[in-house]
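Chain by chain, the residues:
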Amino acid sequence: MTSQAIQQLTQDFVMETYGRFPVALDHGQGATLYDPEGRAYIDFTSGIGVNALGYGCQPWADAIAAQAKKLGHTSNLFYTEPPAKLAECLCRRTGESCVFFANGGGEANEGMIKLARKYSFDKYGQGRSTIITLKNSFHGRTITTLKATGQDVFHNFFFPFTEGFRYADAGNLDSLLETAGEDVCAVMVELVQGEGGVLPLEQSYVTALADLCAQRDWLLLVDEVQTGVGRTGTLFAFQQYGILPDVVSFAKGIAGGLPMSGIMANEKCRKVLGPGMHATTFGGNPVCAAAGLVVQEMLNDRFLKEVQEKGDYLRKGIEALHLPCLGKTRGLGLMIGIAVQDGWSNQDLAKRLIENGLLVLTAGPGLRLLPPLVISQDEMDQGLEIMKKTLS
Ligand SMILES: *Cc1c(COP(=O)(O)O)cnc(C)c1O
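As the structure is a computational prediction, the values presented were derived from the model and not from experiment.

Draft legend 1. Broad picture of the overall build of the protein. Secondary structure assignment for the protein yields 13 helices and 17 strands. Relative to the globule expectation of 21 Å for 392 residues, the C-alpha radius of gyration of the protein, 21 Å, shows essentially globular dimensions. Dimensions of the protein along its principal axes, counting C-alpha atoms only, are 60 × 55 × 45 Å. In the protein, buried positions account for 53% of the 392 residues. Summarising the internal contacts of the protein: among those between residues at least 6 apart in sequence, 71% fall at separations of at least 24. Of the roughly 17,900 Å² that the protein leaves accessible, carbon and sulfur atoms contribute 54%. Within the protein, the 42 negative side-chain charges are centred at a point lying 2 Å from the centre of the 34 positive side-chain charges.

Draft legend 2. Examining the sheet that holds strand β6 (residues 165-168) more closely. Sheet architecture is open: seven strands sit in the order β4-β12-β11-β10-β7-β5-β6, paired in mixed fashion. In this open sheet, the two strands that pair with only one neighbour each are β4 (98-102) and β6. For this sheet, the mean angle separating the axes of adjacent strands, direction not counted, is 20°. Pairing geometry for β4 and strand β12 (residues 261-265), over five bridges, is antiparallel.

Draft legend 3. Representation of the nonpolar core. Among the nonpolar cores identified, the biggest contains 85 residues, and Leu-176, Leu-191, Leu-299, Leu-326 and Met-387 are the most heavily contacted of them. Element by element, the count of residues in this core is highest for helix α10 (residues 286-298), at seven residues. Ignoring anything within four residues of it in the chain, the contact list for Leu-191 reads Leu-199, Pro-200, Leu-201, Val-206, Val-222, Glu-224, Ala-237, Phe-238 and Tyr-241. By size, the runner-up hydrophobic cluster in this structure holds 20 residues, among which are Ala-108, Ala-116, Tyr-119 and Met-188.

Draft legend 4. Region of the structure containing the site of the ligand. Inspection of the region around the ligand gives Gly-104, Gly-105, Gly-106, Asn-109, Phe-138, His-139, Gly-140, Glu-190, Asp-223, Val-225, Gln-226 and Lys-252 as its neighbouring residues. At 3.4 Å, a backbone N or O of Phe-138 approaches a nitrogen atom of the ligand. Lys-252 is positioned such that a nitrogen or oxygen atom in its side chain is 2.7 Å from an oxygen atom of the ligand. When the free accessible area of the ligand is taken as 390 Å², the share hidden by the protein chains comes to 78%. The dominant element in the shell around the ligand, judged by the number of residues it contributes, is helix α5 (residues 105-124), at three residues. Here the shell around the ligand is built from residues that sort into two nonpolar, seven polar and three charged.

Draft legend 5. Spatial organisation of the sheet that holds strand β16 (residues 361-363). Read across the sheet, four strands follow the order β13-β14-β17-β16 without closing on themselves; strand pairing throughout is antiparallel. Strand pairing shows two members of the sheet lacking a second neighbour, β13 (326-332) and β16, which therefore form its edges. Going from strand to strand, the sheet's axes swing by 30° on average, the running direction of each strand aside.

Draft legend 6. Molecular detail of the pattern of salt bridges. Within this structure, the stated rule accounts for 14 salt bridges. In this structure, Arg-368 engages Glu-195 in a salt bridge whose closest nitrogen and oxygen atoms are separated by 3.0 Å. Pair noted here: Arg-368 is in strand β17 (residues 366-369) and Glu-195 is in the loop between β8 (192-193) and β9 (199-200), with a separation of 173 residues, a long-range link. Overall, Arg-368 belongs to the buried group, its relative accessible area being 2%. Between Glu-267 and Arg-270 there is a salt bridge, with its nearest N and O atoms 3.0 Å apart. When salt bridges that share partners are traced, they join Lys-123, Asp-217, Asp-246 and Lys-268 into one network.

Basis of the calculations
- Every chain's residues receive numbers from 1 upward, in the order its sequence appears when written.
- Reporting of local features is limited, given that this is a predicted model, to residues whose pLDDT is at least 70; pairs of side-chain atoms are given and counted only at 80 or more, and all residues count toward the totals for whole chains, interfaces and linings.
- Only hydrogens and water are set aside; all other atoms, that is, all heavy atoms of the structure, feed into the side-chain values.
- Each helix is a run of H or I in the DSSP string that is no shorter than four residues. Each strand is a run of E no shorter than two, and both are numbered from the N terminus.
- Note that the radius of gyration is over C-alpha atoms, with the globule rule given as 2.2 Å times the number of residues to the power 0.38.
- Each residue's exposure class comes from its accessible area (1.4 Å probe, protein chains only) as a fraction of the maximum for that residue type: buried when under 20%, exposed when over 50%, partly exposed otherwise.
- Contact definition: two residues touch when any of their heavy atoms are within 4.5 Å.
- Reported accessibility uses the Shrake-Rupley method at a 1.4 Å probe radius. Residues are deemed covered only where the shown protein chains occlude them.
- Charge assignment: positive for Lys and Arg, negative for Asp and Glu; neither His nor the chain ends contribute.
- Taken as the charge location is NZ of Lys, CZ of Arg, CG of Asp or CD of Glu.
- Whether two strands pair depends on DSSP finding at least two bridges between them.
- Each axis is a line fitted through C-alpha atoms, taken for helices only over the stretch in contact, and angles between the N-to-C directions span 0 to 180 degrees.
- Among buried residues, those of type Ala, Val, Leu, Ile, Met, Phe, Trp, Tyr and Cys that are joined through side-chain atoms within 4.5 Å constitute a nonpolar core.
- Throughout, near means a residue has at least one heavy atom within 4 Å of the molecule or strand.
- Counted as a polar contact is a pair of N or O atoms within 3.5 Å, where, for protein atoms, one must be capable of donating a hydrogen and the other of accepting one, and residues adjacent in sequence contribute only when both atoms are in side chains.
- Each residue is assigned to one class: nonpolar for Ala, Val, Leu, Ile, Met, Phe, Trp, Tyr, Cys and Pro, charged for Asp, Glu, Lys and Arg, and polar for all the others, Gly among them.
- A carboxyl oxygen of Asp or Glu within 4 Å of a side-chain nitrogen of Lys or Arg is what we treat as a salt bridge.

So this is what it looks like as C-alpha cells:
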C-alpha cells in the first residue's frame, strides 16, 4: 500500500483519537525508519521511548519468533519460563524483591496505586488512602491515573474520577508537607517528568523525599514507565538517585517494542497483593517476556555507559548549533528536553523537522528526544544536520 492509501484507510476506519503527522512507516534498521515509498527518517523518538533496541534487531526478532513457535500464550494459572527469568533479572539488577507483570504503563500504575492502598488498609485500616503526586506529572489515561496526573487539563469530561489524590509542587518538600495529612498512604513521582517537559527532580529533593516517606510509613512509588530500562543511562533512574523505592512501575522500553509493563516491589511490599487481589489475562505473556530478556542482555554496564555518552553528545551538538528557535537542553541519558524560545511553537517545529526527515516528540512547551538506545554516531550526526538545515 502507498502512504496515501494507508492514511486514507486509517481515517476511514480507526477512531480519530490521535493527532497524527502525515507519515506512514513501513520498516526500519537501527535508528532509521522508512515509509512505503522508501523515504528515510532518522528516529529520535523510539515510538515514544519504546524501541530501545531500534529496528531490525536480529536477536530480538529471533527470540520472539522462537517463543511464538513454542508457546505464544497461556494463562497465569500455570507457570512459564520467560517471565520468571525476566522477573529474576529485574530483581537481581535493582535490589527489588518481586515483580507483577501487566501490559501498559497506565495499567502498571493502577497496580502500584492498588498496592499502596492495600498496604495501608492492612496496617492502618480504612481512610488512610490518599496518594500525593506532583504537579505537571503524567501517570496514564485510565480514570484513576488521569486523576493521579497532576495537570488540571486531564481532569475533564470523564467525571466522576477516582478520589484520593492531592498534588504538591515538584521539587518542593515544603509544598509536599503542606499537602500531607493523616489520610496519606503514599507519594508517587516520576524522577524525570516526561510528558511534562523532561524535568529531572533534584538529588537533594529525592533523598529528602525518600527519608520522609520512610519516617511516615508512606510508600514511595516511582513511575519509571518512561525513565526505566536504560533510558536515563542506568537500568532504572532510581539507581542513579541512590534510593530503593517501595514500588516501581515500568513499561515502554521493557520488551523493546512489544506491549508489556509491570511493577517491582521491595521486601516490605512483597505480600501485599495476594492470590485473587490483582490479575490480568495477558500479564507476563511469554513472547513479550522473551523479548524483554533480550533487552536485558543487551543493556549491560558498557551499553548503559554509552547511553550516557550519546546523551551528552546529542545535547552538546544541539546547543552548539545555536538555533534561534531553541534554548537550553536538559535531561538524563537519552531522555532529552529542548526549550523552545518564545514566539515559536513546539508543534510547528516538530512538524517541520518531521517533514525534513527527523522524527522528534514534544513535551510540555518544549521538544523531546527519546532515540533508540542503539542509535549510531552517524545517525546522531544525520539528525543534527537535519536540525541545522531545517531550523537555521
Ligand atoms: C507513557 C507513560 C504512562 C502511560 O503509559 P501507557 O503505556 O500509555 O499506558 C504513564 N506514566 C509515564 C511516566 C509515562 O511516560
